[in-house]
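Coordinate analysis (summary)
So the chains spell out like this:
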Amino acid sequence: MSEMRALGMTRAVRLALGLGAVAGIFGQSALAQDSTTTSAAPMPRVEITGSAIKRIESETALPVQVITRDEIDKAGLTTASEIVARLSASVGNLTDGASITDGKDQRGFNSANLRGIGTSSTLVLLNGRRMANFASPGDDTGVDLNNIPAAAIQRVEVLLDGASALYGTDAIGGVINFITRKDYQGVDVNVSGLKTDEGGAGKRTASLSVGHGDLAKDGFNVFAVVDVQRTDALSTSQRSFIDNLRIAERLPHLLSGYTSPANIRLSSDQRDYLNAQGFTLNGQPLTNRTINLSIPTCAGPANLYLPAGIGGVDACTYNYMRDTELYPKSDKVNLLSRGVLQLDADNQLYAEVALSRSKTWYTASTARVTGYIDASKIPALAGYDLGSDEAGGDSEVEVRMRINEAGRRTSELTSESQRFVVGLTGSRNGWDYDFGLNHSVNVVKDRDTHGYLLYDKLLEGIASGIINPFGPSSAEGVALINSIQVNDEVRHARGVMDSVDFKISHPVGTLGGGDAAMAVGGELRREKTSYNPSALLMSDNINNDFAPEGGESTSYSRTVQAIYGELLLPFTKQWEAQLSARYDHYQVVGGAASPKVGLSYMPTNTMLFRASAGRGFRAPSMTDLYRPMQVSATATLPDPVYCATVDNNLADCADNWETHRYSNANLKPEHSRQFSVGMVLQPSKQVSLSLDYWNIKRTDLISEIGDDVILANPVKYADLIHRDEDGYIEYIDLRKENRGAQKAAGLDLTIDFKGVKTWAGNFGGRLTGTYVTDSKIQNAPGDAYVSNLGRFVTDGVVQRWRHTITFDWDKGPYSASLSNTYSSGYDDQNSAIDVDSGTVVAPNRVKAYSLWDLSGAWQATKALKLRAGIQNMFNTAPPYSNQAYYFISGYDPTYTDPRGRRFYASVNYAFK
């Protein structure tokens, strides 16, 4: 971080934007890319995220946090997703851990989510311009952070204020602008490695940066950065905390009745017949229809004898949390190249190429299947005539089995991105300008690679006895399983964004505080998406990956037009205003206007007050508008109507009800209004602090009425609940509509303490934290708001307090950094129902989550720098949670890290 210059106290306090999530508020100024033609020793004018007007310093009334390259290196962060996860304002991001599932919707998507109001309301930019969104259709839209070239990042600017007035849709929660190097010269090589204390999830990275050409001397610059990363998988068997969660004891209802050896599901007549014939299991007559011939031993460690579990007293229960992965294997490659040609002293032609490929292998538990086999082929039952009239006349029994010999279900998810930008920037006749052409593509390929079998051949193999449901299969059975393994790209999605944009700015007069300026900009954008399931998937013949209803190929496109303007008005040396407005028009959807006003007041050179207010919008995605109907299921929920007929016995009236999910081609944009009020103080040269209150309200939410809300109000929403002639639920309609509202509010705090020089070295520290005062959703107009503040609701929680604290030290060539990231505790989901016992899960409060990291560096020579560190020094495990939303059970995978204590080291060699 740079020190304040001669006018630093006066101007830097006004800058209001350098509030770093990990950085301080001063000296985070953007690197100037264009030159000016002012007098000797000119101060460069820069453009700041949240404004289209270049200025002498980073002056704005809007709070912007800045994370520098140095801070990223100190924390040992190597991906954009890891950087975003440390932001205190970031809540509920989509992560690799949460993507481990046996579901398919948008798996592999790593996203940002500012304020916890949704991935679709956070805009991610690369060098101030959009990228194509993650192509797979789903409820979330946004840029896949895997496609951000992390090694090329110079800094990250996080605008913690709605910015639709400049950037349009998706910017309700804020903007994260990843800014790369612009004019690098020389060669920089960086190699790093990470090893976990308990094994698994190791990481190796290497990057090479090469640049040539001095703009001032040579008139050009060309550079490229290549970043390669490989991460190993992490299995549940490699983490002791999984057993400490006591999932089988605490969450038996979340386990499975599909086991190996297989559970057998008898008819009532078959069970009664066996009891009459004196058949016993574990020395006792049968009480349930589900039995397992191996009890009480079953076959650990995943298969358990758990009488209170879903298998019951006569069968086995499968604990999939002993047979899955917690963290995926991945390979990531990124290339960023930029070339700049200095046309004259004030104008440049530039081009950028960004290419990335992120390949991730998601591995869930072994395949399950419901098969059928004649009881005569089962040795323990062969002596009984289950085909007799006394047994119901059918000798066939149902088997619920795990196919261990097929291996765990593994999917290879590849997210590829290409981005090409060509532009012209500079100044002419007092006008600053920037024109650009942007072609951006994201392609997502989802391939079933292992553990998925051809369904018809699998059933035939079970029925014939070639595949043994109760133990190892013969060589012939293993050969059959291997021959029907699926290796097919089952889903292919492609998104393309082409745009042309411009912005120009010019002084429009002089006011008491300096030059007033005006900027005008516009954009024409074309968005296209396509989704193609494979013929094999649509044949409905892949076990555990059956054809989704409404999953046929789709292809859509639309055009977006926008124009915006901004005024910077320095009324006096103390008062400055920033006025902006934008109008967007979306093909089919219509138009939306977004005005905004910001105001800053500096009564003294150590004090700044600021405020902003504006309106924003989010246009419906093409998935929201056009996605075909999908069949899915609710969580285990009670039907109050049916419960009233069975004395509210949840064992009888709770179920996973079928749902039909519909898009809506008539959706309109969501709208928002937000405001913020804050101050920045610098009581001494070493200390600065800021405090900002923010408040957001969204209306016309694009959402479905929650299935839990529908069932809690069966009279009000009777038209959405379809019942059979006996009154039993057949399915529930979930329709996307503009309905309800959302509110979020809180405080952002930054304290920066730096530049303290002692005999022992230089010391500094900073804290950035977010305290949320309100977070709630109204599902439909007139309904009560439901709060998820400090409480897990439906799909996640907004913690009341999150912070990052960093303490820095340096002396000569040595430096060290100690940091803590913290998330406060909250009330758990506490709603999952055990349909066997008819009970609700025991209430739980999730403990706070606090991680400490330590790193040290040695600048051995001018060119060579060595760094080593420990992440999660105290090997803190994710706290126990009873949430039932994610495939991973026992903890919340969205904000916790199962890797435990990790050691890393890096070597950096730079020469010019």
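Up top you'll find the structure we're talking about.
A brief structural summary.

Reading the values: the criteria
Residues numbered from 1 in each chain as written. Predicted model: local features only at pLDDT ≥ 70, side-chain atom pairs only at ≥ 80, totals over all residues. Heavy atoms only, no water. Salt bridge = Lys/Arg side-chain N within 4 Å of Asp/Glu carboxyl O. Helix = DSSP H or I, 4+ residues; strand = E, 2+ residues; numbered from the N terminus. Buried < 20%, exposed > 50% of the residue type's maximum accessible area, 1.4 Å probe, protein only. Pairing = 2+ DSSP bridges. Core = buried A, V, L, I, M, F, W, Y, C linked by side-chain atoms within 4.5 Å. Arc of directions from axis to C-beta. Contact = heavy atoms within 4.5 Å.

Considering the pattern of salt bridges
Going through the model one piece at a time under the given rule, you end up with 48 salt bridges. Arg661 is paired through a salt bridge with Asp139; the nearest N and O atoms lie 2.6 Å apart. Taken as a pair, Arg661 in strand E28 (residues 654-662) and Asp139 in the loop between strand E3 (129-130) and strand E4 (153-159) lie far apart in primary sequence, 522 residues in all. Taking relative accessible area as the criterion, Arg661 reaches 17% and is therefore assigned buried. For Asp139, a relative accessible area of 32% corresponds to the partly exposed category. Residues joined in a network through salt bridges with shared partners are Asp139, Arg618, Asp624, Arg661, Glu670, Arg698, Glu704 and Lys736.

A few points about the pairing of strand E23 (residues 554-569)
Consecutive residues of a regular strand have side chains that alternate between opposite faces of the sheet. Note that strand E22 (residues 514-533) and E23 share 15 bridges and pair antiparallel. Bridged to Gly521 within E23 is Tyr564. Pairing analysis gives 10 bridges linking E23 to strand E24 (residues 575-586), with the strands arranged antiparallel. Looking across to E24, one finds that Leu567 is bridged to Leu579. Following E23, the chain reverses through 5 residues before pairing antiparallel with E24.

A short note on the nonpolar core
Judged by nonpolar contacts, the single largest core of 34 residues is most densely connected at Ile242, Leu245, Met321, Leu326, Ile888 and Tyr891. Where this core is concerned, the elements lending two or more residues are helix H7 (241-244), helix H8 (247-250), strand E14 (325-327) and strand E16 (347-366).

A closer look at unusual backbone geometry
Residue Ser260 is joined to Pro261 through a cis peptide bond whose omega torsion reads 0°. Mapped onto the fold, Pro261 is located in the loop between H8 and strand E10 (263-265). For the peptide bond that leads from Gly300 to Pro301, omega is 0°, which places it in the cis range. Tracing the chain through its elements places Pro301 in the loop between strand E11 (290-291) and strand E12 (303-304).

Some details on helix H9 (residues 268-276)
Listed as buried for H9 are Gln270, Arg271, Tyr273 and Leu274. Buried residues of H9, viewed axially, fall in a sector of 160°; they line one side. For H9, the elements touching its buried residues are strand E18 (396-402). Within two residues after H9, Gly278 carries a phi angle of roughly 85°, on the positive side.

Things to note about the environment of Tyr822
Relative to the helices and strands, Tyr822 resides in strand E39 (residues 814-823). Tyr822 sits 44 residues away from Leu866 along the chain, and the two C-alpha atoms are 28 Å apart. Discounting residues that sit within four places of it in the chain, Tyr822 has contacts with Trp801, Arg802, His803, Ala848, Tyr849 and Ser850.

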